[in-house]
Amino acid sequence: MDNQKTILAVALAIVVFLLFQAWQEQNAPKPVAPTAVRQSVTAPGTPTPATVSSPAAVTTPMVAPAGTGLQPATGPTVPFQTRVFTGQINLNGGDIQNLGLRHYPLAVDNPSPYPILDTTPEKLTVQQSGFVSSDGQTLIARFAAPAVQSADSQLLTLTGKAGPLTVEKTWTFQPDSYVVEEHITITNNGSTAWDGSYFDQILRNDRAESHMFMSIFTGAVLMHQGNFSEVSFGDIHDHPELKSGPGWAGMMDHYFLTAILPSEHAQTQVYARPSGTDYVAGVSTPLSALAPGQSTTITQQIFLGPKKQQTLAAMGRGLEQTVDYGWFSVIAEPMHVVLTWFHGLVGNWGLAIILLVIVVKFIFFYPSAISYRSMANMRKLQPKLEKLKKEVGDDRQKLGAAMMELYRSEKVNPMAGCLPIVLQMPFFIALYWVLVESVSLRQAPFILWIHDLAIPDPYYILPLLMGVSMFFQQRLNPAPVDPMQKRIMSALPVIFAVFFSFFPAGLVLYWLTNNVVSIGQQYLITRHIMAAKD
């Protein structure tokens, strides 16, 4: 088997793999907007009751609003700010909205904080909370503005009413934490017992993020009794989720996560389902029956921040599973650890990628050397192969037999170059996902014109250099005997340069560095073998 065919097959396999990712992203079935549920009006100034229903497969009684089409809250807000947050709490519902992440600018040229919670229709993502009584009525609390607010906004308390309930909500913001502590005290001020549940959810529209040639999951994430699952918007529409038992729920996009985290052992329900034309993922906490004057308190956390694996893992709730490295996670996770360690040494993610590539090349130094020796021996046989081709003409069957006989007589194994390339493929794909999933590379500069390793090179310099490196690497390989293969191989550097111009600069930097190191190793081996006497 000719090594050129192997290289061509591997290159095309990579292209097909990446194109398949793009096809999945762009051609996945779009969720059909559910029909809004008709609501009845109780009385002026009271919340709209919701029809409580559940999927046919679910037998547990629904204790959270189902398909209500609950709209984002409007009205007066209370602003707050920490070192990592800038946002508001709406007095109608007592929920956080329009929350920006101060350490994550919207874009390199736009320093506005990234809106992880946003009330605009285009980027709708909001927190919603309230109560559902045992008779199915949805109650949304209305809060009064605080008489006194702490100067640093680390502690904020609001008091309001939801039907017969008096609700006191206290938020605790740690200065450098993306976790918000919530304490909700509910008191029944009615004349009869009240029975129901408290729900807290993330409402999001079904917008899809655009990532050229990358399929990035966007949708709901659920943790139920230790089992983690991702639920796309299409699946939510077709198969709403409702699971009873300890867990948490949230919404996830490429780099950021919003999650409702009740007490770890609380007997809750986690759910994901349509809400009007949008989708919700949330947690419902059943409340014991409250006699008149009786109170109860719910304690929970809300995570609103970047998907940094070390931070999420330290929380101990399985949140780190939202960082998805694909099929080769067992390889990708240690690669991410090494990449992060290198960044701690050099302080530049581009240099960290270069050092990681060198480490990977060192691990595969010996298998690569076998491959390059095989290619060098094949190149040394090139004159004899050309002579054979002239002798047999266009008889491909006869040429193939003659080539195999020549390989046997010269003790050259053309298959020797295949296995090392195949072995390295999982590492390439794993590193691909590490670079794609790592929020640390978002807007991370490298040098000169590269201000963001997570987006394509704006001047196409790295893809051009990568194409040039492929051209020089081909010069070290034996030329194909078949004219058609020769033309295809000659076109590959141009094809890949164009193809990779759409890729994030970090991925192109990886491939370019890999090519440069490979050229150095292959050149030394080829020169040694070509200089050896027959």
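What to know about the overall build of the protein
Scanning the protein from N- to C-terminus turns up 12 helices and 19 strands. When each of the 534 residues of the protein is scored for burial, the buried share is 51%. Relative to all contacts within the protein whose residues are 6 or more apart in sequence, the contacts with residues 24 or more apart total 66%. Accessible area of the protein: about 24400 Å², with a carbon and sulfur share of 61%.

Topic: helix H4 (residues 329-346)
The terminal C-alpha atoms of H4, which comprises 18 residues, lie 25 Å apart, in line with the 26 Å expected from a rise of 1.5 Å per residue. Along H4, the residues classified as buried are Ile 331, Ala 332, Met 335, His 336, Leu 339 and Phe 342. End-on view of H4: buried residues confined to an arc of 130 degrees, all on one side of the axis. Pointing more than 90 degrees away from the buried face of H4 are the exposed residues Val 330, Val 337, Trp 341, Gly 344 and Leu 345. One or two residues past the end of H4 sits Gly 347, with phi positive at roughly 70 degrees.

Let's talk about the environment of Val 84
Within the secondary structure, Val 84 is located in the loop between strand S1 (77-81) and strand S2 (85-90). Relative accessible area serves as the criterion here: at 2%, Val 84 is assigned to the buried category. Sequence separation of Val 84 and His 103 is 19 residues, and the distance between their C-alpha atoms is 6.1 Å. Apart from residues no more than four positions distant in its own chain, Val 84 is found in contact with Gly 100, Leu 101, Arg 102, His 103, Pro 175, Asp 176, Ser 177 and Tyr 178.

Things to note about the pairing of strand S8 (residues 155-162)
Looking down a regular strand, the side chains alternate between one sheet face and the other. Of the two faces of S8, the one holding Leu 156, Leu 158, Gly 160 and Ala 162 is buried and the one holding Leu 155, Thr 157, Thr 159 and Lys 161 is not buried anywhere. Across three bridges, strand S7 (residues 142-144) lies against S8 in antiparallel orientation. The residue bridging Phe 143 from the neighbouring strand is Gly 160, located in S8. Sheet topology places S8 next to strand S9 (residues 165-173); eight bridges connect them, and they run antiparallel. Within the sheet, the bridge partner assigned to Leu 158 lies in S9 and is Lys 169. The turn linking S8 back onto S9 is made up of two residues, and Gly 163 within it adopts a positive phi angle of 60 degrees.

Observations concerning the nonpolar core
In this structure, Phe 85, Ile 96, Phe 131, Leu 304, Leu 339, Ile 353 and Leu 453 are the most contacted members of the largest nonpolar core, which totals 111 residues. Looking at this core element by element, the count peaks at 10 residues for helix H9 (residues 418-437). In this view, Phe 131 contacts Gln 137, Thr 138, Leu 139, Ala 162, Leu 165, Val 167, Ile 186, Trp 194, Ser 197, Tyr 198, Phe 199 and Leu 287; residues no more than four positions away in its chain are not counted. Listed in part, the nine residues of the second largest apolar core include Ile 140, Phe 199, Leu 203 and Leu 242.

Let's talk about the confidence of the model for the protein
Chain-level pLDDT for the protein is 79 on average; 76% of the residues reach the 70-or-more range. Taken as a whole, residues 1-9 scores under 50 in pLDDT and shows 27 contacts with residues more than four places along the chain or in a different chain. Ignoring residues within four places in sequence, the model shows residues 19-62, a span with pLDDT below 50, making 65 contacts including any to other chains.

About the cut-offs
Counting restarts for each chain: residues are numbered from 1 in the order of the written sequence. Since the coordinates come from a predicted model, pLDDT governs what is reported: local features require at least 70, and pairs of side-chain atoms require 80 or more to be given and counted, while whole-chain, interface and lining totals use all residues. To get the side-chain values, take all heavy atoms of the structure and skip hydrogens and water. Secondary structure is summarised from DSSP: a helix means a run of H or I of at least four residues, a strand means a run of E of at least two, and numbering begins at the N terminus for each. Under the scheme applied here, a residue whose accessible area is under 20% of the maximum for its type counts as buried, over 50% as exposed, and between as partly exposed, the area being computed with a 1.4 Å probe on protein chains only. Any pair of residues with heavy atoms lying within 4.5 Å of one another is described as a contacting pair. Residue-level accessible areas treat just the shown protein chains as cover; the underlying method is Shrake-Rupley with a 1.4 Å probe. The length a helix should cover is 1.5 Å for every residue beyond the first. It is the directions from the helix axis to the C-beta atoms that the arc portrays. Two strands pair under a simple rule: DSSP has to find at least two bridges between them. Remark: nonpolar core denotes a set of buried residues (Ala, Val, Leu, Ile, Met, Phe, Trp, Tyr, Cys) joined through side-chain atoms within 4.5 Å. pLDDT expresses how confident the predictor is about each individual residue, on a scale running from 0 to 100.

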